[in-house]
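Residues per chain, in single letters:
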Number of protein chains: 2
Amino acid sequence: MSIKIGILGYGNLARGVESAITQNDDLELAAVFTRRDPAAVRIRTEGVPVFSQDKLEEDGMKDLIDVLIICGGSATDLPVQTPKYAELYNVVDSFDTHANIPAHFANVDAAAKKGGHVGIISCGWDPGMFSLNRLYMNCILPEGKDYTFWGKGVSQGHSDAVRRIDGVLDARQYTIPVEEAVKSVRRGENPELTTIEKHTRECFVVAAEGADLARIEHDIKTMPNYFDEYDTTVYFISAEEMQRHHAGLPHGGNVIRCGVTGMDKEHTHVIEYSLKLDSNPEFTGSVLAAYARAIARMSAEGRTGAVTVFDVAPAYLSAQDPAGLRAHLL
Amino acid sequence: MSIKIGILGYGNLARGVESAITQNDDLELAAVFTRRDPAAVRIRTEGVPVFSQDKLEEDGMKDLIDVLIICGGSATDLPVQTPKYAELYNVVDSFDTHANIPAHFANVDAAAKKGGHVGIISCGWDPGMFSLNRLYMNCILPEGKDYTFWGKGVSQGHSDAVRRIDGVLDARQYTIPVEEAVKSVRRGENPELTTIEKHTRECFVVAAEGADLARIEHDIKTMPNYFDEYDTTVYFISAEEMQRHHAGLPHGGNVIRCGVTGMDKEHTHVIEYSLKLDSNPEFTGSVLAAYARAIARMSAEGRTGAVTVFDVAPAYLSAQDPAGLRAHLL
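Here goes a summary of the coordinates provided. Only a predicted model underlies this, so the values are computations on that prediction, with no experimental measurement involved. (Residues numbered from 1 in each chain as written. Chains lettered and ligands numbered in written order. Predicted model: local features only at pLDDT ≥ 70, side-chain atom pairs only at ≥ 80, totals over all residues. Heavy atoms only, no water.)

### Digging into the pattern of salt bridges
Thought 1: Counting across every chain of the model gives 44 salt bridges over all chains.
Thought 2: With a closest N to O distance of 2.9 Å, Glu 217 of chain A and Lys 221 of chain A form a salt bridge. With a gap of four residues between them, Glu 217 of chain A and Lys 221 of chain A both fall in helix H9 (residues 213–221), about one helical turn apart.
Thought 3: Residue Glu 217 of chain A is classed as partly exposed on the basis of its relative accessible area, which comes to 25%.
Thought 4: Residue classification places Lys 221 of chain A among the partly exposed positions, given a relative accessible area of 34%.
Thought 5: Ionic pairing is found between Arg 215 of chain B and Asp 219 of chain B, a salt bridge with its closest N-O pair at 3.2 Å. Of this pair, Arg 215 of chain B and Asp 219 of chain B both sit in helix H9 (residues 213–221), four residues apart, roughly one helical turn.
Thought 6: Salt bridges linked by common partners bring Asp 160, Arg 163, Asp 170 and Arg 172 of chain A together as one network. (Salt bridge = Lys/Arg side-chain N within 4 Å of Asp/Glu carboxyl O. Helix = DSSP H or I, 4+ residues; strand = E, 2+ residues; numbered from the N terminus. Buried < 20%, exposed > 50% of the residue type's maximum accessible area, 1.4 Å probe, protein only.)

Dropping the structure here:
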């Protein structure tokens, strides 16, 4: 019997989840829920209804949905939505405001326990697969140091920040790891790296006709938190170039840990996990889909409350039975 | 309270476990067990007793040991030792004969359930961390293909095989991935690779005085299963060169999966996990130590039977509490 998935929201990430579901025979998209007018939302899976999100609070929905994947933003949507719906459904979210994870976890945990459900928060690749790898690396090599590099990839938050500058019509920001820094870490040199030494930033900007380009460039490069601590390069391009060369949402990065072993710490080891993604939202959606399977199973076993990727035994993610996994993947 | 570890055997892997224990404050080496004369075994941790392995069957030992890490060989030791001691202790082994994993799992499972213990088999890096990564990659990108490359590193099995050739005094065999193959996989080309296209082999050989070097080289290159399907290069060196340049046991490798997502499979993603290890036995020993912690906890929670790395939730591996992990590593 397949696991029935509901998706809340229908932006890039939700569409990534939708396409991931088509690649997993045991998952089935049951419905999409939106805060917009459902009649105005056209989804790509045929025969699947689109409902108003209010419908999630109706009793009949509970039989339709085994797991609700919540595809809202971390700033204002998820802190409200995930606890609210964790009381009613098994839920998955991709909450990524690292500093607020403990509070969000506590809220989802209380709601999920109250409703007898399981909720996994902060799923995706960072937080998510990168976190998992940091954990495994730290446990295997307790004496060492790890580094996370992001990119080359589009940062949506930074792109949005540039778009808010007066005179900017469109913008795309790429985060780029500094190659020499990555190589030094890979060589096991455990360098001390400042922010500017780890990543550079590139902005492609479509400016309004007659806009003061020098002022825009200055506003970008001095923007606090977003750009002021980085080497940033700004390119002004046409709307057509933006569409032709910068329509995608690629991303990726590396987590690298270098550590020592031996009675005299005489041996060095380097563990690296890396991602090269053509589509950040589709890859993230694929991670959410796999964890939806996992929490459907954990819920069926009677588990309740909030969990993270740290709490999910890897076998729960797979559609294959444990004996098959041992025979073919171990 | 620390977790008391027993080690069975005292070869390279056991010494790797011993040094890993010194790096984990919550683990404590309680005793080493050997089939040799205990008086002849000098271990590197002060104040820890060495016992005959027969002592493992005495009742008093059960209070001394929370987890027994069994450091025997996969060919003849572990198939006997792990089921035998799983009835008496929580056990960890690094059984690596892939084809026999299902049978070994069944034997350990029955014994561990009978004794009320947990036994984890096939722990290390392959099987082990490589298997884990294959599993995660397959679950996230169900449509794709994965590749495992080993090396550059010393293969003990191949080194032993060369040493058995008449006229060979000592030998070291390095397995080396073919760089062009690795690059093609990383580029997402999903190449079809034959055995010879994935790895080459290099042998460093110390020959007896007057030995027929051409015959030794021929015997190596044509050895069935070990070398006949590979491009193998043989170097004859002096015993002194062997000692100076080839005393270590480095290893490593890469697991790479390339897969597609999207309604039209239009996006490609590459996930890679790689290891560069100065000391294969010390790294493997470090993995075994972390999983010893995990199964001590699973046993304390009442779990029994055999498990593999697939069944262990990542948080069990860490000495940090779950809230700390969420705050610092997620």
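Read on for the rest.
### A few points about the state of the cysteines
Thought 1: The tally for this structure, following the rule as stated, stands at zero disulfides over all chains.
Thought 2: A disulfide-free cysteine, Cys 123 of chain A has its sulfur positioned 11 Å from the sulfur of Cys 71 of chain A, the nearest such atom.
Thought 3: With relative accessibility at 2%, the residue Cys 123 of chain A sits in the buried group.
Thought 4: Among the cysteines around Cys 258 of chain B, which has no disulfide bond, Cys 139 of chain B carries the closest sulfur, lying 17 Å off. (Disulfide = S-S within 2.5 Å.)

### With respect to the nonpolar core
Thought 1: Residues Leu 68 and Tyr 291 of chain A together with Leu 68 and Tyr 291 of chain B are the most contacted members of the largest nonpolar core, which totals 163 residues.
Thought 2: Setting aside residues no more than four positions away along its own chain, Tyr 291 of chain A makes contact with Ile 120, Cys 123, Met 129, Leu 132, Val 309, Val 312 and Leu 317 of chain A together with Tyr 136 of chain B.
Thought 3: Counting 13 residues, the second-largest nonpolar core is a separate cluster that includes Val 162, Val 168, Phe 227 and Val 234 of chain A. (Core = buried A, V, L, I, M, F, W, Y, C linked by side-chain atoms within 4.5 Å. Contact = heavy atoms within 4.5 Å.)

### Concerning the sheet that holds strand E9 (residues 168–177) of chain A
Residue and element names in this part refer to chain A.
Thought 1: The mixed open sheet is built from four strands, whose spatial order is E8-E9-E10-E11. Looking along the sheet, the strands with just one partner apiece sit at the ends: strand E8 (153–154) and strand E11 (231–236).
Thought 2: Taken together, the two bridges between E8 and E9 define a ladder with antiparallel strand orientation. Paired with Val 154 across the bridge in E9 is Tyr 174.
Thought 3: Sitting on the sheet, helix H6 (residues 156–163) touches E8, E9 and strand E10 (199–207), and the angle it makes with E9 is about 145°. (Pairing = 2+ DSSP bridges. Axes fitted to C-alpha atoms, helices over the stretch in contact; angles between N-to-C directions.)

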